[in-house]
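Examination of the molecular architecture
Single-letter residue listing:
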Amino acid sequence: MNSSPLLQTLRRTLIRPHPQIIIQRNISTTQPPQLPLKPGTPIPGLSSIYPPSKDPNTPNAAPVALPREEYPDWINDLATPLPSVAKLRAKLENIDFEKVDVAAEGYEELDRDMKRYLKLTRRARIKENNASRKK
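Criteria and cut-off values
- Residues numbered from 1 in each chain as written.
- Predicted model: local features only at pLDDT ≥ 70, side-chain atom pairs only at ≥ 80, totals over all residues.
- Heavy atoms only, no water.
- Helix = DSSP H or I, 4+ residues; strand = E, 2+ residues; numbered from the N terminus.
- Polar contact = N/O pair within 3.5 Å; in protein donor to acceptor, adjacent residues only side chain to side chain.
- Axes fitted to C-alpha atoms, helices over the stretch in contact; angles between N-to-C directions.
- Parallel < 35°, antiparallel > 145°, perpendicular 65-115°, else oblique.
- Left-handed = near helix turned anticlockwise from the far one by under 90°.
- Contact = heavy atoms within 4.5 Å.
- Nonpolar A, V, L, I, M, F, W, Y, C, P; charged D, E, K, R; others polar.
- Salt bridge = Lys/Arg side-chain N within 4 Å of Asp/Glu carboxyl O.
- Buried < 20%, exposed > 50% of the residue type's maximum accessible area, 1.4 Å probe, protein only.
- Arc of directions from axis to C-beta.
- Core = buried A, V, L, I, M, F, W, Y, C linked by side-chain atoms within 4.5 Å.
- Patch = residues over 30% accessible without salt bridge, like charges linked within 9 Å, V, L, I, M, F, W, Y side chains within 5 Å.
- Areas by Shrake-Rupley, 256 points an atom, 1.4 Å probe, with all protein chains shown as cover.
- Lys, Arg positive; Asp, Glu negative; His and termini not counted.
- Charge placed at Lys NZ, Arg CZ, Asp CG, Glu CD.
- pLDDT = per-residue confidence, 0-100.

1. Section: the environment of Arg-89
Considering the arrangement of structural elements, one finds Arg-89 in helix H3 (residues 85-93). Spatially, the C-alpha atoms of Arg-89 and Asp-113 are 9.5 Å apart, while their sequence positions differ by 24 residues. At 3.3 Å, the side chain of Arg-89 and the side chain of Tyr-117 are in polar contact.

Here it is, written out as structure tokens:
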């Protein structure tokens with residue numbers, strides 16, 4: 001049996017009954033979603049870090065957006081939303097952990113999903129414990 005400590009913890013977490021906890025995020029609906037900047041456009045919000053030059057002969061030191069090809073590939077993954085607790089739970093409940101091969105292809109994705117699920121459930125449990133102690 002190839003059972004790592006992470007798999008054992010995940011198995012206990014999925015088996016243990018736990019209350020349904022809704023994780024709320026502060027999502028502002030007043031601001032429109034950020035669209036990609038055209039190459040050469042100054043990046044907004046950095047004026048306090050890069051103040052404009054007082055010397056008219058010196059070019060502005062504020063960073064500008066580069067063409068998409070000049071950024072690493074992982075930058076594009078930042079915009080994709082991560083799976084929710086419900087999606088992860090549904091995905092992981094159907095897995096037989098006794099037959100999981102850690103050397104198999106695709107294990108990295110499963111490992112990443114397991115870690116995220118455990119992180120979110122641990123966070124929810126901490127919030128629940130804090131709320132119950134607060135009363």
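This is not the end of the story, as more comes after the structure.
2. Describing the packing of H3 against helix H4 (residues 107-134)
Running from amino to carboxyl end, H3 crosses H4 at an angle of 130°, the nearest separation of the two axes being 10 Å. With respect to H4, the axis of H3 lies oblique. Of the two possible hands of crossing, H3 and H4 adopt the one that is left-handed. For the pair formed by H3 and H4, the contact residues are Val-85, Leu-88, Arg-89, Lys-91 and Leu-92 on the first element and Glu-109, Leu-110, Asp-113, Met-114, Arg-116, Tyr-117, Leu-120 and Thr-121 on the second. Of the residues belonging to the contact of H3 with H4, the class tally is seven nonpolar, one polar and five charged.

3. Quick notes on the pattern of salt bridges
Counted by the stated rule, this structure contains three salt bridges. For Asp-113, the salt bridge goes to Lys-91, with nearest N and O atoms at 2.4 Å. One end of the pair, Asp-113, is in helix H4; the other, Lys-91, is in helix H3, with 22 residues separating them in the sequence. Classification of Asp-113 as buried rests on a relative accessible area of 10%.

4. Comments concerning H3
Given 3.6 residues per helical turn, the α-helix brings residues three or four places apart onto the same face. Residues Val-85, Leu-88, Arg-89 and Leu-92 constitute the buried set of H3. Projected down its long axis, H3 shows its buried positions confined to an angular sector of 100°, all on one face. The outward face of H3, more than 90 degrees from its buried face, is lined by the exposed residues Ala-86 and Lys-87.

5. Considerations on the nonpolar core
Counting residues in hydrophobic clusters, the biggest one holds 11 residues: Val-85, Leu-88, Leu-92, Phe-97, Val-100, Tyr-107, Leu-110, Met-114, Tyr-117, Leu-118 and Leu-120. Where this core is concerned, the elements lending two or more residues are H3 and H4. Per-element accounting of this core gives the leading share, six residues, to H4.

6. Quick notes on a positive patch on the surface
A surface patch of positive charge is lined by Lys-119, Arg-122, Arg-123, Arg-125 and Lys-127. Assignment of secondary structure puts Lys-127 in helix H4. Using a relative accessible area of 46% as the deciding quantity, one classes Lys-127 as partly exposed.

7. Quick word on the confidence of the model for the chain
On average, residues of the chain carry a pLDDT of 76, and 72% of them reach 70 or more. Here helix H1 (residues 5-15) is the element of the chain with the lowest mean pLDDT, 65, and H4 is the one with the highest, 91.

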